[in-house]
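One letter stands for each residue in the lines below.
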Amino acid sequence: MGGGSEPLDTKHGQWIGGWGNLGSQTQKGIVTYAISANRQRPLAGTANAAVFNTYRRCKAQFLYVVPPVAFAYLLLTWATEKNEFYNSKEGRTHSPEASDEATQGGSVRG
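Read on for an overview of the structure. (Residues numbered from 1 in each chain as written. Predicted model: local features only at pLDDT ≥ 70, side-chain atom pairs only at ≥ 80, totals over all residues. Heavy atoms only, no water.)

Regarding the overall build of the chain
Here comes step 1: When helices and strands are counted, the chain shows three helices and two strands.
Here comes step 2: In sequence order, the secondary structure elements of the chain are arranged as β-β-α-α-α.
Here comes step 3: Residues classed as buried in the chain amount to 3% of the 110 residues present.
Here comes step 4: For the chain, the computed accessible surface area is about 10900 Å², with 60% contributed by carbon and sulfur atoms. (Helix = DSSP H or I, 4+ residues; strand = E, 2+ residues; numbered from the N terminus. Buried < 20%, exposed > 50% of the residue type's maximum accessible area, 1.4 Å probe, protein only. Areas by Shrake-Rupley, 256 points an atom, 1.4 Å probe, with all protein chains shown as cover.)

Below, the structure written as structure tokens:
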């Protein structure tokens, strides 16, 4: 069970250490600082920032989204009403084909 000098097996070779310590010499001149996890505030101000950031983004996109959606809604409403009118008894009598048939005295289809 010695240190790192014995090979573990012939396939994988020699153990050189885990991640972050891959058998190289320790580096000099690199200073790292750490703070305890319970002293950090990773979500500080998140809820407040989310509300105002969402408002800002929605306000910026308002004119790109609302007019096309409103136009599509009005177009769909108009088309639905027109379709319901054409498929009603009154709509069939007012259609251009019905008025042509009425003036010519019968069916034009041959």
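Focus: the packing of aromatic side chains
Here comes step 1: A full pass over the atoms with the stated rule returns one aromatic pair.
Here comes step 2: With centroids separated by 6.0 Å and ring planes inclined at 50 degrees, the aromatic side chains of phenylalanine 85 and tyrosine 86 adopt a geometry described as tilted. (Phe/Tyr/Trp six-rings, centres within 6.5 Å; stacked < 30°, edge-to-face > 60°.)

Topic: a nonpolar patch on the surface
Here comes step 1: On the surface, Phe62, Leu63, Tyr64, Val65, Val66 and Val69 cluster together into a nonpolar patch covering about 650 Å² of accessible area.
Here comes step 2: Along the chain, valine 66 falls in helix α1 (residues 46–86).
Here comes step 3: Residue classification places valine 66 among the partly exposed residues on the basis of a relative accessible area of 36%. (Patch = residues over 30% accessible without salt bridge, like charges linked within 9 Å, V, L, I, M, F, W, Y side chains within 5 Å. Salt bridge = Lys/Arg side-chain N within 4 Å of Asp/Glu carboxyl O.)

A closer look at α1
Here comes step 1: Between its terminal C-alpha atoms α1 stretches 55 Å, which fits the 60 Å expected from 41 residues at 1.5 Å a residue.
Here comes step 2: The principal kink in α1, of about 55 degrees, is found at glutamine 61. (Expected span 1.5 Å × (residues − 1). Bend = angle between axes of the 7 residues up to and from the residue.)

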